[in-house]
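# What the coordinates show
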Amino acid sequence: MEIKLTVNGTARSDDVEPRLLLVHYLREVCGLRAANVGCDTTSCGACTVLLDGESVKSCTVLAVQANGRSVTTAEGLVAEDGTMSAVQQAFRENHGLQCGFCTPGMVMAATSLLAENPDPTEQQVREGLEGNFCRCTGYHNIVRAVLAAAGKLSGTGASSEASA
Amino acid sequence: MIPAAFDYEVADSAAHALSLLAEHGEDAKLLAGGHSLLPMMKVRLAQPAVLIDIARVGELSGIRSDGGELVIGATTRHADVAGSDLVRAEVPLLAYAAAQVGDPQIRHRGTIGGSLAHADPSADLPMTLLALGGSVEITGPAGVRTVAADDFFVGPFETALSPDELLSAVRVPRGGDVPWGYQKFVRRANDWAIVGVAAYDGRVALASMGGTPLRAIAVEEALRGGASAAEAAAHAADGTSPGYDFHADTEYRKHLARVLTKRALQGETG
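Residues numbered from 1 in each chain as written. Chains lettered and ligands numbered in written order. Predicted model: local features only at pLDDT ≥ 70, side-chain atom pairs only at ≥ 80, totals over all residues.

### Let's talk about the domain arrangement of chain B
Residue and element names in this part refer to chain B. Partitioning chain B into structural domains gives domain 1 (7-53), domain 2 (58-173) and domain 3 (184-265). Taken over C-alpha atoms, the centre of domain 2 sits 21 Å from the centre of domain 3. Opposite the 22 residues of domain 2 that make contact, domain 3 presents 19 residues. Of all the secondary-structure elements, those providing two or more residues to the side of domain 2 that touches domain 3 are α5 (92-100), α8 (124-132) and β8 (153-155). By residue number, the principal contributor to the side of domain 2 that touches domain 3 is α8, which donates seven residues. Partitioning the side of domain 2 that touches domain 3 into residue classes produces 12 nonpolar, six polar and four charged. (Domains from an automatic or database assignment. Contact = placed C-beta atoms within 7 Å. Helix = DSSP H or I, 4+ residues; strand = E, 2+ residues; numbered from the N terminus. Nonpolar A, V, L, I, M, F, W, Y, C, P; charged D, E, K, R; others polar.)

What follows is the structure in structure tokens.
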């Protein structure tokens, strides 16, 4: 089946099998390898991408379900001049990663969370990342990074400057 | 994990979905958010020959008032139920329960109709619909019929839906001031309930205490007889036959049912 969709701002058209999962479409057809296949059972969140701006687990979405819609991966958060998004920068500044496998999914889940709730409490960040597992258990710095990104995006910026 | 091959059809109306169901019969499954069906297809527990995508059918989505009830379209997503001002004001138990399903990503995809039609006895929304005394609208070749939650869940992952029918909407009573409570006991983030309890206006429903979501009839009778929450909750496991797994054995589940029912009857959430 032919699908037409926007991936990281670029219009695409591809002929896909209906059973092709969105994460495999992104990785193997589009060549975008940020979204990882972790558990493959809708649990770990490593495959999280944005579908029309909202976080979804791309191991549990068919590529055909994204027909006519807009998909964003972690690659798509980076500006053309290479500038990372506020969330990506905050992960780097706060060392919000250890092995890095969960990081693209964490960044996308955090991006969606902050779009819905620009000024979350620490508890809301922890609950908002409930669908993403870090098996290095590096949660504290991940939560710090998301709070720092929230501060930067809302203009208060205190935590990100402190760590710069 | 890759699903077995299937043909993919996109329905543009409820009538179109029904005609596709009639054409393909039991080989077809309806697809909305796919968050119950696709995981089953990936492990090949389900291998439909045809998927009929109803997610783009506008008439099957949305939330509106109808007299004393709210009517929620089957393909309305958990995030939209949980975030709806109307649901939060008129049926706060349902808004709360929808916010307990899975995690944010799952709530961005999963739908109320899909969760009810999947009929997992440990899931949030089936027990919530039972506690609310709600119903489902089922559209089929002969028209629309309404089935009470009490009659809808007939076995593990089994409902009153026929293969040629479509769960089109969910009806729940409006009652913003009615006392309610909700308890979901889990060991891990975004898990299904080891035991769940939803209480609403003297009705109590249990998750993971049998092959279907269950009414705690003995608790409700005790409450009608004037028992306190603690006295009534002592009957929460009466007549239940919970299973056992690596999370909990049957005695532990019965214990949890009693403890959690007391908390739910006291209006606690958690």
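There's plenty left to go through after this.
### Notes on the sheet that holds strand β12 (residues 195-200) of chain B
Residue and element names in this part refer to chain B. Sheet architecture is open: four strands sit in the order β11-β12-β13-β14, paired in antiparallel fashion. Each end of this open sheet is capped by a strand with a single partner; those strands are β11 (180-185) and β14 (214-215). Pairing of β12 with strand β13 (residues 203-207) involves five bridges; the strand directions are antiparallel. Each residue of the ladder has a partner; that of Tyr200, found in β13, is Arg203. Its contacts with the sheet place helix α12 (residues 250-265) against β11, β12 and β13, and it is angled at close to 30° to β12. (Pairing = 2+ DSSP bridges. Axes fitted to C-alpha atoms, helices over the stretch in contact; angles between N-to-C directions.)

### Topic: helix α2 (residues 86-93) of chain A
Within α2(A) the residues assigned to the buried category are Val87(A), Gln88(A), Ala90(A), Phe91(A) and Glu93(A). Looking one or two residues past α2(A), His95(A) carries a phi angle of roughly 50°, positive in sign. (Buried ≥ 20, exposed ≤ 12 C-beta atoms within 10 Å, placed from the backbone.)

### Considering the interface of chain A and chain B
The interface is formed by 24 residues belonging to chain A together with 23 residues belonging to chain B. Those elements that provide at least two residues to the side of chain A that touches chain B are β4 (54-57) and α3 (103-116) of chain A. Element by element, the count of residues in the side of chain A that touches chain B is highest for β4(A), at four residues.

### Re the nonpolar core
Looking at soluble globular proteins, one finds that nonpolar side chains tend to be buried together. Within the largest apolar cluster, 80 residues are counted, with the highest numbers of intra-cluster contacts made by Leu93(B), Ala131(B) and Ala198(B). Element by element, the count of residues in this core is highest for α8(B), at six residues. Discounting residues that sit within four places of it in the chain, Ala198(B) has contacts with Leu93(B), Ala97(B), Met127(B), Thr128(B), Ala131(B), Tyr182(B), Ala205(B) and Ala264(B). By size, the runner-up hydrophobic cluster in this structure holds 52 residues, among which are Leu32(A), Val107(A), Ala109(A) and Cys134(A). (Core = buried A, V, L, I, M, F, W, Y, C linked by C-beta atoms within 7 Å.)

### Focus on the packing of α2(A) against helix α5 (residues 139-154) of chain A
Residues and elements named next belong to chain A. Their axes nearest at 8 Å, the elements α2 and α5 cross at an angle of 135°. What the angle tells us is that α2 and α5 run oblique. Like other packed secondary-structure pairs, α2 and α5 cross with a definite hand, here right-handed. Packed against α2, whose contacting residues are Ala86, Val87, Ala90, Phe91 and Glu93, the element α5 presents Ala145, Ala148, Ala149, Lys152 and Leu153 at the interface. Of the residues in the contact of α2 with α5, the class split is eight nonpolar, no polar and two charged. (Parallel < 35°, antiparallel > 145°, perpendicular 65-115°, else oblique. Left-handed = near helix turned anticlockwise from the far one by under 90°.)

### Concerning the sheet that holds strand β3 (residues 50-53) of chain B
Residue and element names in this part refer to chain B. Pairing in this open sheet of three strands is parallel, and the strands run β1-β3-β2 from one edge to the other. Sheet topology places β1 (7-10) and β2 (28-31) at the edges, where each strand pairs with a single neighbour. Between one strand axis and the next, the sheet turns through 25° on average, direction left out of account. Examined bridge by bridge, β2 and β3 share four bridges and lie parallel to one another.

### Some details on the environment of Ala236(B)
Residues and elements named next belong to chain B. With respect to the helices, strands and loops of the structure, Ala236 is situated in the loop between α11 (229-233) and α12. With 29 C-beta atoms packed within 10 Å, Ala236 lands in the buried category. C-alpha separation for the pair Ala236 and Val259, spaced 23 residues apart in sequence, amounts to 8.6 Å. In contact with Ala236, not counting residues within four places along its chain, are Ala216, Val219, Ala257, Arg258 and Thr261.

### Here we look at helix α1 (residues 22-29) of chain A
All names here are of chain A. Along α1, the positions that sit buried rather than exposed are Leu22, Val23, His24, Tyr25 and Leu26. Tucked inside the fold, the buried residues of α1 contact β3 (48-51). Two residues or fewer after α1 comes Gly31, characterised by a positive phi angle close to 75°.

### Quick word on the pairing of β3(B)
Residues and elements named next belong to chain B. Inspection of the sheet shows β1 paired to β3 by four bridges, in the parallel sense. Looking across to β3, one finds that Val10 is bridged to Asp53. This β-α-β element, β2 to helix α2 (residues 37-42) to β3, shows right-handed connectivity. (Right-handed = clockwise from strand over helix to strand, strands pointing away.)

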